Amino acid sequence: MLKKIEQWIDKTNTYYTSQRVCCSQFKNEFSDFYPLDFLSNSFYVVVDKIPKPDFDELHSMGVSDFIDMDAAGITYKNTYYVLPHMQDNLRVHFHELVHVAQWGELGSIAFMQRYLSEIQQLGYHNAPLELMAYELDAHFTHAGEGINIPRHVANTL
């Protein structure tokens, strides 16, 4: 199943390659949190509908709530997708970049396995990978002290 999802992700990311925007544009806003080389290898795409794999197997695994959820953004590897009304929201970009760091640290299969397992067992709002992203984006939003997010993610996972 995870290989099927990864193939879908790769196909989706390839489809949107020409629309990707490099996150290095956030180098000033996120300078105390994300190194420039990390931002330069991270991308986002503004879409009218968040792309999600909608396989019957995912619903039978008990993650229908996540698949059906109205999300402002979603991350697949080093690319995340946001809705037009969120494209200027720094907190959403910050949050999704935490997920880019998680994907990078864990690798695709391990990230998906852990993320799906957390959602199945604890629900989206209590999943540790989500909690980490929400805690860090709140820290940023409240003008918290700079933290190297990719290093923090690597040390925390």
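A few points on the structure.

What counts as what
- Residues numbered from 1 in each chain as written.
- Predicted model: local features only at pLDDT ≥ 70, side-chain atom pairs only at ≥ 80, totals over all residues.
- Heavy atoms only, no water.
- Helix = DSSP H or I, 4+ residues; strand = E, 2+ residues; numbered from the N terminus.
- Buried < 20%, exposed > 50% of the residue type's maximum accessible area, 1.4 Å probe, protein only.
- Lys, Arg positive; Asp, Glu negative; His and termini not counted.
- Salt bridge = Lys/Arg side-chain N within 4 Å of Asp/Glu carboxyl O.
- Polar contact = N/O pair within 3.5 Å; in protein donor to acceptor, adjacent residues only side chain to side chain.
- Contact = heavy atoms within 4.5 Å.
- Disulfide = S-S within 2.5 Å.
- Pairing = 2+ DSSP bridges.
- Core = buried A, V, L, I, M, F, W, Y, C linked by side-chain atoms within 4.5 Å.
- Phe/Tyr/Trp six-rings, centres within 6.5 Å; stacked < 30°, edge-to-face > 60°.
- Lys NZ or Arg CZ within 6 Å of the ring centre and 35° of its normal.

1. Topic: unusual backbone geometry
Point 1. Phi is positive for K77, which is not a glycine, with a value near 60°.
Point 2. Among the secondary structure elements, K77 is positioned in the loop between β3 (73-76) and β4 (79-82).

2. Some remarks on the side chain of E130
Point 1. By the element assignment, E130 lies in helix α7 (residues 128-141).
Point 2. One buried charged residue, E130, forms no salt bridge at all, with the nearest opposite charge on K52 at 9.9 Å.
Point 3. Side-chain polar atoms of E130 contact the side chain of H99, separated by 3.1 Å.
Point 4. In contact with E130, other than residues within four places in its own chain, are H95, H99, Y115 and Y124.

3. Some words on the state of the cysteines
Point 1. One pass over the full model with this rule turns up 0 disulfides.
Point 2. Cysteine C22 shares no disulfide, and the gap to the nearest cysteine sulfur, in C23, comes to 6.4 Å.
Point 3. Residue C23 is classed as buried on the basis of its relative accessible area, which comes to 0%.

4. Some thoughts on the pairing of β4
Point 1. Side chains T79 and Y81 project from β4 onto one buried face, and the interleaved Y80 and V82 project onto a second face that is buried too.
Point 2. Here strand β2 (residues 43-46) pairs with β4 via 4 bridges, running parallel. Paired with F43 across the strands is T79, a residue of β4.
Point 3. Across 4 bridges, β3 lies against β4 in antiparallel orientation. From the neighbouring strand, Y76 faces β4, where its bridge partner is T79.

5. Some thoughts on the nonpolar core
Point 1. Counting residues in each nonpolar core, the largest one holds 25 residues, and the members touching the most others are I5, L58, F66, Y81, M112 and Y115.
Point 2. Mapped by element, the contributors of at least two residues to this core are α1 (2-15), α4 (64-68), β3 and α6 (108-122).
Point 3. A total of 5 residues in this core trace back to one element, the largest contributor, which is α6.
Point 4. Sequence-distant contacts of I5, defined by excluding residues within four places in its chain, comprise P53, F55, L58, M112 and L116.
Point 5. The next biggest cluster of nonpolar side chains, apart from the first, holds 23 residues, and it includes Y44, V82, V98 and F140.

6. What to know about the packing of aromatic side chains
Point 1. In this structure the tally under the stated criterion is 18 aromatic pairs.
Point 2. On the basis of an interplanar angle of 15° and a centroid distance of 5.3 Å, the ring pair of Y34 and F38 is categorised as stacked.
Point 3. The lysine or arginine in question, R20, covers the ring of F43, its NZ or CZ lying 3.7 Å from the ring centre.

7. Some remarks on the pattern of salt bridges
Point 1. Under the defined criterion, the tally for this structure stands at 5 salt bridges.
Point 2. Residue D137 is joined to R91 by a salt bridge in which the shortest nitrogen-to-oxygen separation is 2.3 Å. Taken as a pair, D137 in helix α7 and R91 in helix α5 (residues 90-106) lie far apart in primary sequence, 46 residues in all.
Point 3. For D137, a relative accessible area of 2% puts it in the buried group.
Point 4. What emerges from the salt-bridge pattern is a single network uniting K3, E6, D10 and K77.

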